[in-house]
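A closer look at the structure
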Amino acid sequence: MNHSAADERVVERLVPAWLEEAARHDARAAEEAREAWRRGSLSADAARELADWVTARVTDTGFNEDEGPAPGGPLRISVADKTAVHRWLAAQGYDV
């Protein structure tokens, strides 16, 4: 599956937020993922975590405040953003 330059830009915008949030939960794993990202690759586990994170953080939905992520978060993540991240991961050879 091919990805576009637009997909790449979405990934570059979202990965720092994912890593920041991940560091609050597991600093060691987040640092390992950050170093792998700097080298240009992610482990299979980190790729799955990123895919799951972006799916869970979609804010441009029909959810109300009791049903989904708060739209006032640090960044907006649309369904199209989620799709772009998944497409990018698949193009890198990750099974997501």
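Everything discussed here concerns the structure shown above.
We now turn to the structure provided with this report. This is a predicted model, so every value here is computed, not measured.

Each value, and the rule that gives it
- Residues numbered from 1 in each chain as written.
- Predicted model: local features only at pLDDT ≥ 70, side-chain atom pairs only at ≥ 80, totals over all residues.
- Heavy atoms only, no water.
- Helix = DSSP H or I, 4+ residues; strand = E, 2+ residues; numbered from the N terminus.
- Areas by Shrake-Rupley, 256 points an atom, 1.4 Å probe, with all protein chains shown as cover.
- Expected span 1.5 Å × (residues − 1).
- Bend = angle between axes of the 7 residues up to and from the residue.
- Buried < 20%, exposed > 50% of the residue type's maximum accessible area, 1.4 Å probe, protein only.
- Contact = heavy atoms within 4.5 Å.
- Polar contact = N/O pair within 3.5 Å; in protein donor to acceptor, adjacent residues only side chain to side chain.
- Salt bridge = Lys/Arg side-chain N within 4 Å of Asp/Glu carboxyl O.
- Core = buried A, V, L, I, M, F, W, Y, C linked by side-chain atoms within 4.5 Å.
- Axes fitted to C-alpha atoms, helices over the stretch in contact; angles between N-to-C directions.
- Parallel < 35°, antiparallel > 145°, perpendicular 65-115°, else oblique.
- Nonpolar A, V, L, I, M, F, W, Y, C, P; charged D, E, K, R; others polar.

1. Re the overall build of the protein chain
Scanning the protein chain from N- to C-terminus turns up 4 helices and 0 strands. Helices and strands in the protein chain line up, N terminus first, as α-α-α-α. Accessible surface computed for the protein chain: about 6000 Å², of which carbon and sulfur atoms make up 49%.

2. Here we look at helix α1 (residues 5-25)
Spanning 21 residues, α1 covers 31 Å between terminal C-alpha atoms, matching the ideal 30 Å at 1.5 Å per step. For α1, the principal kink sits at Leu 14 and spans about 30°; a proline, Pro 16, occurs within the next four residues. For α1, the complete set of buried residues consists of Asp 7, Val 10, Val 11, Leu 14, Val 15, Ala 17, Trp 18, Leu 19 and Glu 21. On its buried face, α1 sits against α2 (27-39), α3 (44-56) and α4 (79-91). For α1, the N-terminal cap is Ser 4; the gap from its side-chain oxygen to the backbone nitrogen of Ala 6 is 3.3 Å.

3. Details of the pattern of salt bridges
Tallied over the entire structure, the rule returns 9 salt bridges. With its nearest N and O atoms 2.7 Å apart, the salt bridge here joins Arg 13 to Asp 81. Residue Arg 13 is located in helix α1, and its partner Asp 81 is located in helix α4; the two are separated by 68 residues in the primary sequence. The class for Arg 13 is partly exposed, based on a relative accessible area of 39%. For Glu 31, the salt bridge identified is with Arg 38, shortest N-O distance 4.0 Å. One connected set of salt bridges, linked through shared partners, spans Glu 31, Arg 34, Glu 35 and Arg 38.

4. Things to note about the nonpolar core
By size, the foremost hydrophobic cluster in this structure holds 23 residues, and its most contacted members are Leu 14, Trp 18, Leu 50, Trp 53, Val 85 and Leu 89. It is α1 that contributes the most residues to this core, 7 residues altogether. Other than its neighbours up to four places away in sequence, Leu 50 contacts Val 15, Trp 18, Leu 42, Val 85 and Leu 89.

5. Concerning the packing of α1 against α4
Taken N-terminus to C-terminus, the directions of α1 and α4 make an angle of 105°; their axes are 9 Å apart at the nearest point. Comparing their axes, α4 and α1 come out roughly perpendicular. Contacts between α1 and α4 involve Asp 7, Glu 8, Val 10, Val 11, Arg 13 and Leu 14 on the former and, on the latter, Asp 81, Ala 84, Val 85, Arg 87 and Trp 88. Residues that form the contact of α1 with α4 fall into these classes: 6 nonpolar, no polar and 5 charged.

Coordinates in, geometry out; function isn't part of it.
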